[in-house]
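A structural walkthrough
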Amino acid sequence: MMLKIEDLIVSYGGIEALKGVSIEVEEGKIITLVGANGAGKSTTLRSIVGLVKPKSGKIIFEDKNLQNVKTQDLIKMGITLVPEGRRVFPNLSVLENLKLGAFVRKDEANIKSDLEWVYSLFPRLKERTWQLAGTLSGGEQQMLAVGRALMSRPRLMMMDEPSLGLAPLIVKEIFRIIKEVNKKGVTILLIEQNANAALHIADTGYVLETGNIALKGTGKELLSNDDVKKAYLGDSVHL
Amino acid sequence: MTLDVFLQHITNGISLGSLYALIAIGYTMVYGILRLINFAHGDIFMMATYFAFYGVVIFSLPWYFVFVFAIILTGILGIIVEKTAYKTLRDAPKISILISAIGASYLLENLAVVIFGGRPKAFPTPDLFNKVVQVGNISVQRLTFIIPVVTVALLFMLLYLINKTKSGMAMRAVSKDHETARLMGVDVDKTISFTFFIGSMLAAVGGIMWALKFPQIQPLMGVIPGLKCFIAAVIGGIGNVTGAVVGGFILGIGEIMLVALLPSLTGYRDAFAFILLIVILIFKPTGIMGEKISEKV
Ligand SMILES: Nc1ncnc2c1ncn2[C@@H]1O[C@H](COP(=O)(O)OP(=O)(O)OP(=O)(O)O)[C@@H](O)[C@H]1O
Ligand SMILES: [Mg+2]
């Protein structure tokens, strides 16, 4: 197992956001974690990267306990996070944002070829190399956030709601790229509210409900599960 | 006022403005990266002059050697202040850090009184700087030319560092988002220390040149220049390095010209900075070069 989360409990000032979550991420796969607003999806990811300190539980990455690993050292281990809300650096150009993704790398030649690869995945970014990231559209910012993460040559890429607030066409594009990146051997841990899209590309899915894992199964199984259908796959909202 | 006299005043104003600019940069850099007003900055400026004083007077080393040494020492002092007074409170409420900043300022001032003594000391100015140069009909101390040249050279080096190097890119990233910078592998604590190091060294250069120009040093000498340079940083648009320099020049030239044109207002010289601050805050609260990038959520 590449990443193993065991019985993770996180509380914010007395209120438990995670009440014992266990997740396994197998190398080379796409794993997705779906759930409603406030279920604890972001909290799970933020615990993995050390931005939130869990009360108890274990997070093991390739037999190494991540508890005492600093956030800034994770990228060297091959772990990257595309954070919720994109979080591109608005005062840096597109190119600088991408270079920052490769901040800890020293292999200049490979960085260059990775940059070309990212530009080929997102031709829109190439056109906007010198533009300040703060002036990009929401969709372009999401592409930049994904591209920036790829620039670290991750082995595990975690993504927090990459489809949030994007038009259907761009969502499709992002999911296509997630699959393409995964085919290159990058393991994906994808968090989504768009359960339909996420379960379609996932090998394994987990359903998180108010701090507990309610269901686990292959993407296909969950897509045809009645509870999941009712709670997460219902038609779009009728007004 | 004849043209010659006018030029004489302008040269003095530029020279004073340069000194303000060098100190203002430190305020703006620290604010940019921590959203904190480093109240101890004026006192760090004062400490630099004492380091240089003792190097020359007690150890009687050559001035150029002493100045370089004092500048580096001041940079290290900046890091020490950051590590003790600010880093320990990184997650504390803003008001606690502000109080800690004021405390650090008083601590340095009083340490200076205890260690160096409260009585002013005469700063030794090497003859090289004092020589008077005659340009047309105006005669200027050589130092008056040296100060702006040094300032502009340092400004360009700083802009290069911030905009063209990897450390500079890390500084700009940290100034917007500590968490995400960490996710990229940037050592945020180191980057912050580095910022204090650079800002304090620039204040040291300003301090030493200040002491060469006004060769009397005392433990509270950093208070008023510190306050004025903070104002200069706000006028220029706090967080913006070029803005701090522009603010410094406006303040320096404005102050000298006020005294020159309206000698009866000489007593209000220090008030000029505050009046300018109020005017700017009313008409352009973000300062002259204050940034306004729309951030999409
Ligand atoms: N810093 C915080 N302080 C206090 N409570 C928090 C904090 N962060 C999250 N929470 C709470 O923890 C719970 C889980 O939040 P989390 O952000 O993990 O949800 P999520 O599943 O990512 O939701 P969304 O889909 O809306 O992003 C929520 O009830 C939230 O209010
Ligand atoms: Mg979330």
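Let me begin by describing the structure that accompanies this report.

Definitions and limits used
Residues numbered from 1 in each chain as written. Chains lettered and ligands numbered in written order. Predicted model: local features only at pLDDT ≥ 70, side-chain atom pairs only at ≥ 80, totals over all residues. Heavy atoms only, no water. Contact = heavy atoms within 4.5 Å. Buried area = accessible area lost by both parts, 1.4 Å probe. Salt bridge = Lys/Arg side-chain N within 4 Å of Asp/Glu carboxyl O. Polar contact = N/O pair within 3.5 Å; in protein donor to acceptor, adjacent residues only side chain to side chain. Helix = DSSP H or I, 4+ residues; strand = E, 2+ residues; numbered from the N terminus. Nonpolar A, V, L, I, M, F, W, Y, C, P; charged D, E, K, R; others polar. Patch = residues over 30% accessible without salt bridge, like charges linked within 9 Å, V, L, I, M, F, W, Y side chains within 5 Å. Areas by Shrake-Rupley, 256 points an atom, 1.4 Å probe, with all protein chains shown as cover. Lys, Arg positive; Asp, Glu negative; His and termini not counted. Charge placed at Lys NZ, Arg CZ, Asp CG, Glu CD. Near = heavy atom within 4 Å. Pairing = 2+ DSSP bridges. Axes fitted to C-alpha atoms, helices over the stretch in contact; angles between N-to-C directions.

1. What to know about the interface of chain B and chain A
Quoted interface sizes are often the accessible area lost when the parts come together. Across the contact, 23 residues belong to chain B and 29 residues belong to chain A. Of the roughly 2400 Å² buried where chain B meets chain A, counting both sides, 62% is carbon and sulfur surface. Counting across the interface, chain B meets chain A through 4 salt bridges. A salt bridge links Arg46(A) to Glu179(B), with the shortest nitrogen-to-oxygen separation between them at 3.0 Å. Taken together, the connections running from chain B to chain A amount to 7 residue pairs in polar contact (both at pLDDT 80 or more). In terms of residue count, helix α7 (residues 166-176) of chain B provides more of the side of chain B that touches chain A than any other element does, 7 residues in total. Tallied by class, residues from the side of chain B that touches chain A come to 9 nonpolar, 5 polar and 9 charged.

2. A closer look at a positive patch on the surface
A cluster of basic side chains, namely Lys70(A), Lys83(B), Lys87(B) and Lys190(B), defines a positive patch on the protein surface. In this structure, Lys87(B) sits in the loop between α3 (63-86) and α4 (94-116).

3. Let's talk about the site of ligand 1
All names here are of chain A. In the region of ligand 1, 13 residues are neighbours, and Asn37, Lys41, Ser42, Thr43 and Glu84 sit closest. Here an oxygen atom of ligand 1 sits 3.1 Å away from a polar atom, N or O, in the side chain of Gln193. Contact with the protein chains hides 56% of the accessible area of ligand 1, taken as 640 Å² for the molecule alone. It is helix α1 (residues 41-48) that contributes the most residues to the shell around ligand 1, 3 residues altogether. Class assignment for the residues of the shell around ligand 1 results in 4 nonpolar, 6 polar and 3 charged.

4. Some points on the sheet that holds strand β6 (residues 79-82) of chain A
Residues and elements named next belong to chain A. If you walk across this open sheet you meet the 6 strands as β6-β7-β8-β3-β9-β10, and the pairing is mixed. Edge positions in the sheet fall to β6 and β10 (212-218), since each has one partner strand and no second. Adjacent strand axes in the sheet meet at a mean angle of 15 degrees when their direction is disregarded. By the bridge criterion, 4 bridges tie β6 to strand β7 (residues 156-160) in an arrangement that is parallel. Looking across to β7, one finds that Val82 is bridged to Met159. Here α1 sits on the sheet in contact with β3 (30-35), β6, β7, β8 (187-192) and β9 (204-209), set at roughly 145 degrees to β8. Of the strands in this sheet, β3, β7 and β8 touch helix α7 (residues 168-183), which is tilted by about 155 degrees from β8.

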